[in-house]
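# Commentary on secondary and tertiary structure
If you want the building blocks of each chain, they are given just below.
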Amino acid sequence: MKLARISERFAAMAQSHKNISNKTVIVLDHSSHFANPSGIVVDYDSSSKNRTLGFIPLHPISKSLWTWSVECVLEYCRMVYDIFPTGRHIALIASDVETVVLNSWQKEHQNLPTFMEALAKLGSPDESRKQQQDGGIMFGLTEAIATLTGCTQAQHEARTSLDGNEVVNRGRIICITSLSSPEDASEVISRFQDALIEENKKAAASDQLMPIEECELEVIDLHPLSSQPVLASPQFHTSEGLHCEIGSHKVGKTLASKILSLVQNHFDLAITTITGIPMKEEQNAGSSANYDVGVLHDKKAHDEILCIQRVVGAADTNSAAMASSTSSAAPGTTATTSVSALTDKPNSVTLKWSQPRLSVSDLLYSTAAFRISPVDVNSRPSLCLTNFLLNGRQVILEQPRKSGAKVVTHMLASHGGEIFIHCLGMNRSPLEDPPSISEGPGGRVTDYRIKDFGAFIRRNRLAPCQEVDCDDEGLPVERAKQQLERMTRNYPMTIGETVLYNLHTCIDPLLETIFKPSLSEVDKMKCREIIYTIVKMEANNEPLPVPTMTTVRKGNKRDEQYKQLWSELESLVQSAADLSPGHEEILDCIFRCRTPASGDLARRLEKTTKAETKEEGKPVKRSSDLPGPAELTSAVADILSTDSPPPSKKANVSLTGSLFKPTGGGQSLLSMWTERLKMVHSQKHEEFAGRAESYGAIATLYPNLKMELKEKHANTGNVNKLPGKAS
């Protein structure tokens, strides 16, 4: 239920943002102050380069604040209508002593030519006419609120329909004006709140109007280059149903960046910078240079590429690509500079121009397509790229990489006179067959233990159980987790990493038994038989029946295989040694039977000595008191000959039979014939009783002699300790 409520809340937030973006009112300050020059001069007579003596150049043009305002509005509307031809409504209002509404919410008025015609009829502000009263911008803001209360065609159809869905009226107001002091910002917010309340009361009493449930106010305080901004930092104000932001900006690149940022934030857009576009120069037709072009589109076009970057850990790929880009603009061009200055934002991705050798039909499938709009529409690189696409050509984009194979991610193409950016599928197509379980990264075939893993899953399946009281061992699910953790402590993933798990014929009884909660006498006998069989094979220098791919060490020597087998067997039993005393007995049996290295032997002898001295009440020997190498060798022989119990007769069966029959090649004809002769002779020959019960090729004479001597000494000691007896 909580997850459902969270999903509904996020859906409501997304729908709320969409409704706010559906209606936007732009208010322009048409007072005499905006007739003042902005401080930016445009030299339009730069084409006459060869000036003769006495030539008088034309005076440069100075752009006014009103010109900058109109350019910002037209650029804002152009980007919106390029990406959203329908569904986004914009209204223009010019504010002075009296307000002028330049268009309505009708569909035929929602286009760029209508705006340009209305602004041309309005004309520039009259510099000679002074503003008669303060707060002239409030007339435009009040009219903007009244315009938002009006219904669009979609809202009217939704209100009059009988489906019962509630229609909520939300909108946004963008105001371009000039403030005199910081106090003017607070006054504008206060008076706007009062006007919003009054207009909502009027709309509530009318059948044709709709009250505004949520409104956003964005005030751009515009100043020329020569003056200082009124506000050092943007001011924010939030109340019930109203969110305000006021910021001061100078004309030029700062204002252009602000308008681009507004478009991105208001409509969830992102920028893709196409770098490395080859273009021929006008001056030198034989040479070419690389340029960058920025395009604006829906933010969803970057979802897959950003997700992959987060997984791989390449969040800074874009900044590195921009730093190492090979693009270089020709002198006098401002396309690269303006694009890099405007697209240095978080919602920006850099992709490289690619020239694939395959045709477009042979490329990856397209997962999504979104309309685009050039960031700098009047630059020469943008014009060349747009004409290239409109002529029926396609542009392939790839991720910039310093090394490795290139990754094609997007494609630019024109459809019906509109340019789209296609998101190409970088993963396996859902229409293709799913990959095999044995297929690794890049299609590489691996030797995963698939059958063993399937048996492991069947063995660890959970089943419902009756409600039981919590005992000392915890709940059944906790015990299941502990068993799963114990069984996966040593679990090789591939066949080539293990020797133990490739001996299924003889090791399976131990693998099935060792993880039981407790071991019976029959289980312990089976485990000992398997261990004694491995000891017998190692003593007879018989090769292990494992596949040839089970080679993790160079040379695949027989000693190395046995060493790895004992190590894996010890780790396996060690992970289950804490289950019961029977498991500890199996682990001690492995310690006694395994031929250890010098360091392991010293450690085990020290452990055995400690256990014996604790039982007899004698002091523990130190590591310095351990025997030398010669004595260690004899001790190992004693352990294998006397302490270990004799193996059963099942273990004395010839190891060349079907039980340990090699599964792969590796035997010559001579070795096969020799093994056959040994098997024939072993059937006719009766083995010596002493050698049959011994470990190795050398039989131990009088094995019970030491035991009789120990019993005799023990009996003598007990007699001396009897009370009342004198020595």
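The structure displayed is predicted, hence computed values, not measured ones. (Residues numbered from 1 in each chain as written. Predicted model: local features only at pLDDT ≥ 70, side-chain atom pairs only at ≥ 80, totals over all residues. Heavy atoms only, no water.)

### Describing the packing of aromatic side chains
How two aromatic rings sit relative to each other is given by the distance of their centres and the angle of their planes. For the structure shown, the criterion picks out seven aromatic pairs. Measuring from centroid to centroid gives 5.9 Å for tryptophan 353 and phenylalanine 388, while their planes differ by 50 degrees, and the two rings are tilted. Residue tryptophan 353 is located in strand S12 (residues 348-354), and its partner phenylalanine 388 is located in helix H11 (residues 380-390); the two are separated by 35 residues in the primary sequence. Between the aromatic rings of tyrosine 491 and tyrosine 501, the centroid separation amounts to 6.5 Å while the plane-to-plane angle is 55 degrees, which identifies the pairing as tilted. (Phe/Tyr/Trp six-rings, centres within 6.5 Å; stacked < 30°, edge-to-face > 60°. Helix = DSSP H or I, 4+ residues; strand = E, 2+ residues; numbered from the N terminus.)

### Considerations on the sheet that holds strand S4 (residues 89-95)
Overall, mixed pairing links the seven strands, which are arranged S5-S4-S1-S6-S7-S9-S8 in an open sheet. The sheet is open, and its two edges are formed by strand S5 (99-101) and strand S8 (235-239), each paired on a single side. On average, each strand axis in the sheet is inclined to that of its neighbour by 15 degrees, with strand direction left out of account. The sheet contacts of helix H2 (residues 65-83) involve strand S1 (23-29), S4, strand S6 (170-177) and strand S7 (214-223), and relative to S1 the element is tilted by about 165 degrees. (Pairing = 2+ DSSP bridges. Axes fitted to C-alpha atoms, helices over the stretch in contact; angles between N-to-C directions. Contact = heavy atoms within 4.5 Å.)

### What to know about helix H3 (residues 112-122)
Within the span of H3, buried status applies to Thr114, Phe115, Ala118 and Leu119. All buried residues of H3 project into a common sector of 125 degrees when viewed along the axis, lining one side. With respect to the buried face of H3, the exposed residues turned more than 90 degrees away are Pro113, Ala120 and Lys121. Check the buried side of H3 and you find it contacts S1, H2 and S4. Backbone geometry just downstream of H3 places glycine 123 in the positive-phi region, at approximately 80 degrees. (Buried < 20%, exposed > 50% of the residue type's maximum accessible area, 1.4 Å probe, protein only. Arc of directions from axis to C-beta.)

### Some thoughts on the pattern of salt bridges
Tallied over the full model, the rule gives 18 salt bridges. Between arginine 172 and glutamate 216 there is a salt bridge, with its nearest N and O atoms 3.1 Å apart. Here arginine 172 is found in strand S6, whereas its partner glutamate 216 is found in strand S7, with 44 residues between them in sequence. Look at arginine 172 and you get buried, because its relative accessible area is 1%. Of the charged contacts in the structure, one is a salt bridge between aspartate 578 and arginine 486, with a shortest N-O distance of 3.7 Å. Of this pair, aspartate 578 sits in the loop between helix H16 (558-575) and helix H17 (581-593) while arginine 486 sits in helix H13 (residues 476-487), and the two are 92 residues apart along the sequence. (Salt bridge = Lys/Arg side-chain N within 4 Å of Asp/Glu carboxyl O.)

Any functional reading would require information that these geometric values do not contain.
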